[in-house]
Amino acid sequence: MSTVTSPASVDRELAAIVGSGNVRRTDFEINGVVPAAVVYPGSADEVGAILHLANARDLVVAPAGGLTKQQIGCVPERIDILLSTTRLNKVEEYDPGDLTIAVQAGMPFAEMQRQLGEHQQWVPCDASSLEHATVGGLLATGAAGPLKSTFGHMRDFCIGIQFVTADGKVVKGGGRVVKNVAGYDLMKLLTGSYGSLAVITRANFKVFPSPRQTRTFACSFHSLEEALQFRTRLFQSPLTPMCMEIISPGASEYLRNQGTVRDPDHYSPEQPVSLPAVEWQIVLRATGSDNILGRYSRELGSAVTRMLEGTAEEEFWGWICHFEQSVLARHRNAMVLYTHLAIQNVGPALQAMQRVAPDYNMIPAAVGRAATGNLVLALMPLSVDPPSAMQYANCVSALRGMLPPGSSAEVAHCPTEAKPHFDVWGTTPTDVNMMRAVKRAIDPKNILNRGRFIV
Amino acid sequence: MDSSIIRQLRKIAGKDAVLDRPEELMLYEYDAGVDKHRPGAVVFAQTTQQVSQVMRLASDKKIPVVPRGAGTGLSGGAIARREAIVLSLARMNKILEIDVANQRAVVQPGVVNLELSNATTKFGYYYAPDPSSQKACTIGGNVAENSGGPHTLALGVTVNHVTGLEVVLPDGKVIELGGKAQDSTGLDLTGFFVGSEGTMGVVTRITVKLTKLPEHVTTLLAIYNTVEDAANTVVAITQSGVTPAALEMLDGWMVRCVEANVHAGYPEDAAAVLLIELEGMRETVNEQAEAVSAVCMQQKAREVRHAKDEKQRQLLWLGRKTAFGAVGRVSPSYYTQDGVIPRTKVPYTLAEIERISKHYGLVIGNVFHAGDGNLHPLILFDSRDPKQTENSRRAAKEIMACCLKFGGSITGEHGVGLEKMGLMTAMFTEDDLEVMVRLRNAFNPESILNPQKMIPDLHFCREITGPLPKAKFEPVAGLPV
């Protein structure tokens, strides 16, 4: 663990910007690194003044929201300022008639969703940890859950954005209307940029009428192949489910109420609480009237092994969204990867995971979007020996080696000690030099999340 | 243009692939908008390598290059602003791959939008973005402009349907952004590139999503005695929880204009009609059609007609899709606007357009994507009359000012190009624009590609006058002026 103490003069200057009560110490670690100071700006202009100062003094800044995804990425050399957006937590404008909302970046997503819910509207995002995650953090991490199959992710709802560049300029892109091509699409650029380009301070979204009624159909199969054949039949059918998840046999263990979490250091995944599942599942969630849901039942027929509605259904999708958290709560040393795959590469990627895991003494489990290729792969080390850094490095490298060309898989979680031994982000089909040129263009001194993201 | 440059272009692309005679170049001095400039040469690239060689030559000699598809753009994006090379991608028109299993198609930039859908419907798929010019416009041009269309209300615009690009940078370097996967690790440069109006790179290969054909489609025509009732219906449908595939509005003047042209079956005495399309599973469509009809009737529609069969449905759409052409029959010139407003402001804005029309004594027809709040007022004028020409521009400016007053945008789908460049300062501050310039420079540092488009030269900002709110301007150090 390394701690950097910020010079007292910096603290004083920060206090002059945000008030002394809003500059604090923390023991929160980002991959073992404790930020020297946390600042809580109360406006975009204050964010600008902080970044202006940081840029002039070459201080490394980590933008932060609800701290739910800060462990993703490489181990930073140092963090001088953790810039928390949590005081920027207001709805700036919401006109239910227009189906648009403008909120500050530090607003907890769940709070925005509650306010939209009062008008039977929502932003269709079901990423994990929504109670704590902020709107800005979800945008910065490009987070998504099962709803991505139909609705896309945050970049597809974000119609306007305000952010502060590394040199302290408050800048905006887009606007408050649902269709707009004036200027470059800065919303797309900042979504998923992991705080490496700018600090997001406000976002405007288009919102949708929320579904009035849904039903979930779980279908079980003896093999991955059968599950994928079923998926192909679904693609060819007229059915248009809102979500389509694929669940590996090993994942069922984490899709249930966990009860009391045991000491992660003593938990052995090779002795699960329940009998090991052997089946692959495709789970569909449909929305519509009784008439429409009835048609799903008819067309899916005997493939359906379980049908869920109401609270049982909500609970089930909650488990799906929190799969990663459930795994990590029980296996501190687990490794989690996010994949980006062409639709037909979902099968090969899952096969690769099943095949590679035992070679490195890992137990595999996966949940993900069968229709978009965004999977969450979890690999839990067997407790035969203390896991070694190279075990992770070799496992990731073998797994990536087996993915078809054009795929990418980033490691979202693994023990910090293992991170220096391999490339956390991995290869990507998008030109990385171009990404770095874009980063240099708006953060030339590299003060934002230095050394953490792919750029 | 320097004859040695022409010789080198011929060497790169072939003898028959370069135009430099004035009578040939005249054909490339305009697009579907209002501006005109004659290029120095036109070169038709047939491969990525040729595009790369042309760009390298242009970079070496510091000659501006303007990429061009079918030239159907409405904002001057494909017009060479000064002595420049027009790089036409029209001959790179092959569909390289239809990958049904992955729901993707890989195309060259010169593929015509509608041809891709025509090639994929036999597999049960189509390409969703459908600009009105889809019979002519190219997918490369759609990527540059982030084109929309009537059916983007439910399914999104071009950027929501592009997953991969091969791009030639101004220095001739070829890079890949994304691929067949929905997204990839790292910055979303694919999404960022779409809509960059040819100012960042030349697209030479595009991977697009294919969308499953809906099981059922139905089209409703709601007829109104007042424009206001129609506008209120748009707001009411949006709030009802139904998202139609398309929700288009034509005012009475446009209805009569269209009827005279194609006999689409619109009632000529209507003050406005709404064209509402619903698609999806049969049960969903039937339920939505019922709900939408009820909303229309509540909002005082005179009548709601359902297209009885596919032929009738196509006819209703023919009226909408040929509306711009129909205007060409009655007016020597017209100026197509492209403003966006919040949907609840449609009634006020139409009233304001009516006032502007009376004030300048110019007919303004309205045909637009009502569901998105994306207006297309068509200002009719006679370009031989300088007073009318001037008034049409003033009226356009006032309409834009009205959109901005309601928190809207100066362009929903046509792009900024040359036409709207002067209005950018009304929407964005100089800091906003400066960051955009910095980002552009990461791709196109010497502004070889499509120079002086989209983002105004900063000295230009100072000349903004008229009813628009003026942007505060201070020169920014280090920026080209």
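Residues numbered from 1 in each chain as written. Chains lettered and ligands numbered in written order. Predicted model: local features only at pLDDT ≥ 70, side-chain atom pairs only at ≥ 80, totals over all residues. Heavy atoms only, no water.

1. Some details on the side chain of Arg438(B)
Part 1 of the reasoning: Mapped onto the elements of the fold, Arg438(B) is located in helix H16 (residues 430-443).
Part 2 of the reasoning: A distance of 3.2 Å separates the side chain of Arg438(B) from the side chain of Asp167(A), its partner in a polar contact.
Part 3 of the reasoning: When sequence neighbours within four positions are dropped, the list of residues in contact with Arg438(B) reads Thr165(A), Asp167(A), Lys169(A), Ala441(A) and Ile442(A). (Helix = DSSP H or I, 4+ residues; strand = E, 2+ residues; numbered from the N terminus. Polar contact = N/O pair within 3.5 Å; in protein donor to acceptor, adjacent residues only side chain to side chain. Contact = heavy atoms within 4.5 Å.)

2. Some thoughts on the pairing of strand E19 (residues 362-369) of chain A
Residues and elements named next belong to chain A.
Part 1 of the reasoning: Counting buried residues in E19 gives 7 out of 8 residues, a clear majority hidden from the surface.
Part 2 of the reasoning: With 3 bridges joining them, strand E15 (residues 243-247) and E19 adopt antiparallel strand pairing. Note that in E19 the partner of Ile-246 across the bridge is Gly-368.
Part 3 of the reasoning: The turn linking E19 back onto strand E20 (residues 374-381) is made up of 4 residues, and Gly-373 within it adopts a positive phi angle of 80 degrees. (Buried < 20%, exposed > 50% of the residue type's maximum accessible area, 1.4 Å probe, protein only. Pairing = 2+ DSSP bridges.)

3. As for the sheet that holds strand E16 (residues 333-336) of chain B
Residues and elements named next belong to chain B.
Part 1 of the reasoning: One open sheet holds the 7 strands; their spatial order is E15-E12-E14-E13-E18-E20-E16, and the pairing between them is antiparallel. This sheet does not close on itself; its edge strands, each paired only once, are strand E15 (301-306) and E16. Within this sheet the neighbouring strands show an average axis-to-axis angle of 20 degrees, counted without direction.
Part 2 of the reasoning: Pairing between strand E12 (residues 216-224) and strand E14 (residues 272-280): 9 bridges, direction antiparallel. Bridging from a neighbouring strand, Thr-218 pairs with Leu-278 of E14.
Part 3 of the reasoning: Sitting on the sheet, helix H10 (residues 282-298) touches E12, E14 and E15, and the angle it makes with E12 is about 5 degrees. (Axes fitted to C-alpha atoms, helices over the stretch in contact; angles between N-to-C directions.)

4. What to know about the pattern of salt bridges
Two side chains that carry opposite charge are able to pair once their charged atoms sit near each other.
Part 1 of the reasoning: Counted according to the given criterion, the structure contains 48 salt bridges over all chains.
Part 2 of the reasoning: With its nearest N and O atoms 2.8 Å apart, the salt bridge here joins Glu245(A) to Arg369(A). One end of the pair, Glu245(A), is in strand E15; the other, Arg369(A), is in strand E19, and 124 residues separate them in sequence.
Part 3 of the reasoning: Glu245(A) sits in the buried class, given a relative accessible area of 0%.
Part 4 of the reasoning: Owing to a relative accessible area of 6%, Arg369(A) belongs among the buried residues under this scheme.
Part 5 of the reasoning: Across the salt bridge formed by Glu166(B) and Arg205(B), the nearest N and O atoms sit 3.0 Å from each other. On the criterion of sequence distance, the pair formed by Glu166(B) in strand E8 (residues 162-168) and Arg205(B) in strand E10 (residues 202-209) is long-range, its members being 39 residues apart.
Part 6 of the reasoning: Of the residues examined, Glu166(B) reaches a relative accessible area of 8% and is grouped as buried.
Part 7 of the reasoning: Through salt bridges that share partners, Asp167(A), Lys169(A), Glu434(B) and Arg438(B) make up one connected network. (Salt bridge = Lys/Arg side-chain N within 4 Å of Asp/Glu carboxyl O.)

5. Some details on the nonpolar core
One recurring pattern in soluble globular proteins is that nonpolar side chains are buried together.
Part 1 of the reasoning: Ranked by size, the top nonpolar core spans 173 residues in total, and within it Met112(A), Phe205(A), Ile246(A), Phe323(A), Met335(A), Leu350(A) and Leu165(B) carry the most contacts.
Part 2 of the reasoning: What Met335(A) contacts, discounting residues up to four positions off in sequence, is Met362(A), Leu377(A), Ala378(A), Leu379(A), Tyr392(A), Cys395(A), Val396(A), Val411(A), His413(A) and Cys414(A).
Part 3 of the reasoning: Tyr224(B), Ala236(B), Val242(B) and Met249(B) belong to the second largest nonpolar core, which has 43 residues in total. (Core = buried A, V, L, I, M, F, W, Y, C linked by side-chain atoms within 4.5 Å.)

6. A short note on empty space enclosed by the protein
Part 1 of the reasoning: The full count for this structure, using the stated rule, is 5 cavities of 30 Å³ or more.
Part 2 of the reasoning: Here the largest cavity is characterised by a volume of approximately 690 Å³.
Part 3 of the reasoning: Taken together, 47 residues make up the lining of the largest cavity; nearest its centre are Gly142(A), Lys148(A), His340(A), Asn374(A) and Asp183(B).
Part 4 of the reasoning: Elements that contribute at least two residues to the lining of the largest cavity include exactly helix H10 (310-321), helix H11 (323-330), strand E18 (335-340), E19 and E20 of chain A together with E8 and helix H7 (189-193) of chain B.
Part 5 of the reasoning: Quantified by volume, the second largest cavity comes out at close to 370 Å³.
Part 6 of the reasoning: Residue lining of the second largest cavity: 27 residues in total, with Pro63(A), Gln70(A), Gly137(A), Ala140(A) and Thr141(A) positioned closest to the centre.
Part 7 of the reasoning: For the lining of the second largest cavity, the elements supplying multiple residues, two or more each, are strand E5 (61-64), helix H4 (135-141) and strand E12 (198-206) of chain A.
Part 8 of the reasoning: Ranked by residue count, the leading element in the lining of the second largest cavity is H4(A), at 5 residues.
Part 9 of the reasoning: Residues of the lining of the second largest cavity, tallied by class, amount to 14 nonpolar, 11 polar and 2 charged. (1 Å grid on protein atoms, 1.4 Å probe; cavity = no way out; pocket = protein on both sides within 12 Å on 5 of 7 lines; lining within 4 Å. Points joined across faces, edges and corners; volume = space filled by probe spheres on them. Nonpolar A, V, L, I, M, F, W, Y, C, P; charged D, E, K, R; others polar.)

7. Description of the interface of chain A and chain B
Part 1 of the reasoning: Between chain A and chain B, the residue contacts involve 71 residues of the former and 85 residues of the latter.
Part 2 of the reasoning: For the pair chain A and chain B, the two sides together bury roughly 6200 Å², of which 58% comes from carbon and sulfur.
Part 3 of the reasoning: Our enumeration of links across chain A and chain B arrives at 9 salt bridges.
Part 4 of the reasoning: Counting the contacts that link chain A with chain B gives 35 residue pairs in polar contact (both at pLDDT 80 or more). (Buried area = accessible area lost by both parts, 1.4 Å probe.)

8. With respect to the domain arrangement of chain A
Residues and elements named next belong to chain A.
Part 1 of the reasoning: The domain architecture assigned to chain A consists of domain 1 (1-210 + 430-455), domain 2 (214-314) and domain 3 (323-424).
Part 2 of the reasoning: Relative placement of domain 1 and domain 2: their C-alpha centres are 34 Å apart.
Part 3 of the reasoning: Tallying the contact residues gives 6 residues for domain 1 and 5 residues for domain 2.
Part 4 of the reasoning: Along the contact surface separating domain 1 from domain 2 lie 0 salt bridges.
Part 5 of the reasoning: At the junction of domain 1 and domain 2, the tally comes to 2 residue pairs in polar contact (both at pLDDT 80 or more).
Part 6 of the reasoning: For the side of domain 1 that touches domain 2, the element with the most residues is helix H5 (residues 148-151), which contributes 3 residues.
Part 7 of the reasoning: Here the side of domain 1 that touches domain 2 is built from residues that sort into 4 nonpolar, 2 polar and no charged. (Domains from an automatic or database assignment.)

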